[in-house]
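Listed here are the chains, written in short residue letters.
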Amino acid sequence: MSSLLPPDKDGGNRLSVLEGDTSSGEECRTYVFRKENHTLGNCLRTMLLKNPQVQFAGYTIPHPSEDVMHLRIQTVEGYPAQSALRKAFVDLKTHASQLKTKFVTAVDNFEKEES
Amino acid sequence: MTEFSFSSKNKLTLKEFEIVNTSNYDFSGHFADPHKQENELKVEIVKIEDDGMFLEFDMIGYDPSVANAVRRLLLSDVPTMAIEKVHIYQNTSIMQDEVLAHRMGLIPLKADPRLFKWKEEGTEDEGTEDDTLQFSLQVRCKHNPDKSSGDPYLDNKVFTKHLKWIPKGSQKDKLINPGPVEDDILINKLRPGHEMDMKLFAVKGVGRDHAKFSPVATAFYRLHPEIRINRDVFDESAIRLVKCFTPGVMQLEPTEDGRKKAKVLDARNDMCSRNVFRHEDLKDAVTLEKRKDHFIFNVESTGAIKSTELVPMAIDVLLEKCELYINEIDSQSKE
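Residues numbered from 1 in each chain as written. Chains lettered and ligands numbered in written order. Predicted model: local features only at pLDDT ≥ 70, side-chain atom pairs only at ≥ 80, totals over all residues. Heavy atoms only, no water.

Colleague: Account for the overall build of chain A, naming residues and giving values.
Modeller: Assigned secondary structure in chain A consists of two helices and four strands. Secondary structure elements in chain A, listed N-terminal to C-terminal, are β-β-α-β-β-α. Over its C-alpha atoms chain A spans a radius of gyration of 18 Å, topping by over 25% the 13 Å that the globule rule assigns to 115 residues. C-alpha extents for chain A along the principal axes are approximately 65 × 35 × 25 Å. Carbon together with sulfur atoms contributes 51% to the accessible area of chain A, which is approximately 5,900 Å² in total. Put simply, chain A has 14 plus and 15 minus side-chain charges, and the middle of one group is 2 Å from the middle of the other. (Helix = DSSP H or I, 4+ residues; strand = E, 2+ residues; numbered from the N terminus. Rg over C-alpha atoms; globule rule 2.2 N^0.38 Å. Areas by Shrake-Rupley, 256 points an atom, 1.4 Å probe, with all protein chains shown as cover. Lys, Arg positive; Asp, Glu negative; His and termini not counted. Charge placed at Lys NZ, Arg CZ, Asp CG, Glu CD.)

Next up, the structure:
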């Protein structure tokens, strides 16, 4: 069974940091995502805002013709933005897994009740 | 008697000329519920019809970004099989080659995309047994020699049932009938002398690339409506009030003194037409609201995969994306 995600023809990293933005320290970063849109952006932003050590989190799609998404994270002193991003992904993964389990259980219960 | 509504923050109100309280209050530092308790988040199945192809379910307590992500993933990121390359050897019909090829691409196929690999760019159209499905369409229209039957032509309408699957390699052992979902989709109309002879190659793709690869007829959600009666309405006004809403939402119930009072039966099916605002005397009698964290999803599959399997697949795509980016972050931080 192959992966659900289509292969990336262009190669290279899908995640990079916006040039020239690293001068203000580890706590401010703008991440550039290739081939991503509101589906991932809005979810990540929600997860980031639930983290009390994140002071600012926002995402934007600079131009609809380009498949690029920018995610800006600003955190408190001493907490690197990259840790916040990684935590947001981990939280999103947990949240989505729980949702999937709840859904599958609900379908099983529904089908049992039907028969 | 005043009524306190503690849950007012998670409802948006539909007024006559505006909708209020729509924003989500998500900015940093606002911690009404940093991480909702797991038992407050619920998923309930309401209806499964049509052999699993139609599904209605509720997501309660979730953030709109997650509900929207599920909807967007269902539409554009869950893979399906669809015809991509068409080799036309003969087409003397009236329909142009390119229009015909476009139509072939839109035909929904029953093949399960999870059994196939992604086809690499630049490889030849014929493909391998792991990544391509081949079909053939050969139809020729003739005069009907049987003059007595009503139909003067034979094979003048080309349907999807004329598509023949050409199994490659060991596909005949692994796949059972990966043809079109419906047999009676009209592809083309011919007259005597017209002929169509084509080879069709189907591959795996996602809706982002082309809408023909979308596995859902559509997937959408709406918020659960709520109707609150502010003051009792009787008799003739009550009949008018009940008529303002979708049938089945409001009902007349008899009171002790023989009058009829309007009562909310089940606000779920209301289509939020806000018709009540057309009646000056009934405008203030009800408050129309929607619950911001209760999403009523409708998922209708095109036929390849059941809707009850599509939703977990959509969430799997999200999980794979998270995995991909976590790995990239980890490998980048090692450098």
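So that's the structure; there's more coming.
Colleague: Explain the interface of chain A and chain B to me, and be specific about the residues and the numbers.
Modeller: Listed by partner, the interface residues are 52 residues for chain A and 56 residues for chain B. Between chain A and chain B lies a buried interface of about 5,100 Å² when both sides are counted; carbon and sulfur atoms form 65% of it. Considering only the surface of chain A that becomes buried against chain B, Leu4, Leu99 and Phe103 of chain A emerge as the three largest contributors, covering 15% of it. Linking chain A with chain B are five salt bridges. Of the charged contacts, one joins Lys100 of chain A and Asp316 of chain B as a salt bridge, the two residues approaching to 2.6 Å between their closest N and O atoms. For the pair chain A and chain B, the interface holds 17 residue pairs in polar contact (both at pLDDT 80 or more). Broken down by secondary-structure element, the contributors of at least two residues to the side of chain A that touches chain B are strand E2 (28-34), helix H1 (38-49), strand E3 (54-60) and helix H2 (81-114) of chain A. (Contact = heavy atoms within 4.5 Å. Buried area = accessible area lost by both parts, 1.4 Å probe. Salt bridge = Lys/Arg side-chain N within 4 Å of Asp/Glu carboxyl O. Polar contact = N/O pair within 3.5 Å; in protein donor to acceptor, adjacent residues only side chain to side chain.)

Colleague: Would you mind going over the sheet that holds strand E10 (residues 163-166) of chain B in detail, with residue names and values included?
Modeller: Residue and element names in this part refer to chain B. The strand order across the open sheet formed by four strands is E5-E12-E6-E10, and the pairing between neighbours is antiparallel. Of all strands in the sheet, those bounded by a partner on one side alone are strand E5 (80-91) and E10. Across the sheet, the mean angle separating the axes of adjacent strands is 25° when strand polarity is ignored. Note that E5 and strand E12 (residues 195-205) share ten bridges and pair antiparallel. The residue bridging Thr80 from the neighbouring strand is Gly205, located in E12. Contacts from helix H2 (residues 97-105) reach E5, strand E6 (133-140), E10 and E12, with the element oriented near 150° to E5. (Pairing = 2+ DSSP bridges. Axes fitted to C-alpha atoms, helices over the stretch in contact; angles between N-to-C directions.)

Colleague: Could you give me a rundown of the packing of H1 of chain A against helix H1 (residues 64-76) of chain B, with the residues and numbers involved?
Modeller: One can describe the packing of H1 of chain A onto H1 of chain B by two numbers: an axis separation of 9 Å at closest approach and a directional angle of 160°. Here H1 of chain A is positioned roughly antiparallel relative to H1 of chain B, judged by the angle of their axes. For the pair H1 of chain A and H1 of chain B, the sense of crossing is left-handed. Residue-level contacts link His38, Thr39, Asn42, Cys43 and Thr46 of chain A of H1 of chain A to Ser65, Val66, Ala69, Arg72 and Leu73 of chain B of H1 of chain B. In terms of residue class, the contact of H1 of chain A with H1 of chain B is made up of four nonpolar, five polar and one charged. (Parallel < 35°, antiparallel > 145°, perpendicular 65-115°, else oblique. Left-handed = near helix turned anticlockwise from the far one by under 90°. Nonpolar A, V, L, I, M, F, W, Y, C, P; charged D, E, K, R; others polar.)

Colleague: For the pairing of strand E16 (residues 286-301) of chain B, give the residues involved together with the corresponding values.
Modeller: Along any regular strand, the residues point their side chains to alternate faces of the sheet. Residue and element names in this part refer to chain B. Of all the 16 residues making up E16, 14 are buried; the element is thus mostly covered by neighbouring parts of the structure. In this structure, strand E1 (residues 11-14) lies alongside E16, joined through four bridges in antiparallel fashion. The residue bridging Lys11 from the neighbouring strand is Arg291, located in E16. Of the pairings in the sheet, the one linking strand E4 (residues 54-60) to E16 comprises seven bridges and is antiparallel in character. Opposite Phe54, over in E16, you have Glu300 as the bridge partner. Sheet topology places strand E13 (residues 216-229) next to E16; 13 bridges connect them, and they run antiparallel. Along E16, the bridge assignment pairs Tyr221 with Phe297. (Buried < 20%, exposed > 50% of the residue type's maximum accessible area, 1.4 Å probe, protein only.)

Colleague: Please provide a residue-by-residue account of the sheet that holds strand E4 (residues 68-75) of chain A, values included.
Modeller: Ordered in space as E1-E2-E4-E3 (chain A), the four strands form an open sheet in which the pairing is antiparallel. At either end of the open sheet lies a strand with only one pairing partner, and these are strand E1 (15-17) and E3 of chain A. The average undirected angle you get between the axes of adjacent strands in this sheet is 20°. Inspection of the sheet shows E3 of chain A paired to E4 of chain A by six bridges, in the antiparallel sense. Each bridged residue has a counterpart across the sheet, and for Gly58 of chain A the counterpart in E4 of chain A is Arg72 of chain A. Against the sheet, H2 of chain A contacts E1, E2, E3 and E4 of chain A, and its axis sits at roughly 45° relative to E2 of chain A. Sheet contacts for helix H5 (residues 307-334) of chain B: E1 and E2 of chain A; angle to E1 of chain A, the most-contacted strand, approximately 45°.

Colleague: Please provide a residue-by-residue account of the pattern of salt bridges, values included.
Modeller: A full pass over the atoms with the stated rule returns 32 salt bridges over all chains. When the shortest N-O distance is used, the salt bridge between Lys321 of chain B and Glu36 of chain A registers 3.4 Å. With Lys321 of chain B in helix H5 and Glu36 of chain A in the loop between E2 and H1, this residue pair bridges two chains. Across this residue pair, the class does not change: Lys321 of chain B and Glu36 of chain A are buried. Between Asp77 of chain B and Arg208 of chain B there is a salt bridge, with the nearest N and O atoms lying 3.3 Å from each other.

Colleague: Describe in detail the packing of aromatic side chains, supporting the description with residues and values.
Modeller: Considering all chains together, one arrives at seven aromatic pairs over all chains under this definition. Consider the rings of Phe33 of chain A and Phe89 of chain A, whose centres lie 6.3 Å apart with planes at 55°: the pair is tilted. Of this pair, Phe33 of chain A sits in strand E2 while Phe89 of chain A sits in helix H2, placing them 56 residues apart in sequence. By relative accessible area, which is 0% here, Phe33 of chain A ends up buried. Geometrically, the ring pair formed by Tyr221 of chain B and Phe297 of chain B is tilted, given 5.3 Å between the ring centres and 45° between the ring planes. Highlighted residues: Tyr221 of chain B in strand E13 and Phe297 of chain B in strand E16, separated in sequence by 76 residues. Three or more aromatic residues joined by ring pairs make a cluster, and in this case those are Phe103 of chain A together with Phe57, Tyr221, Phe295 and Phe297 of chain B. Over the ring of Phe234 of chain B we find Arg259 of chain B, and its NZ or CZ is 3.8 Å from the ring centre. (Phe/Tyr/Trp six-rings, centres within 6.5 Å; stacked < 30°, edge-to-face > 60°. Lys NZ or Arg CZ within 6 Å of the ring centre and 35° of its normal.)

Colleague: Please set out unusual backbone geometry residue by residue, giving values where relevant.
Modeller: Residue and element names in this part refer to chain B. One non-glycine residue with positive phi stands out, namely Asp235, at about 45°. Within the fold, Asp235 resides in helix H4 (residues 235-244). The phi angle at Cys272 is positive, at roughly 50°, despite the residue not being glycine.

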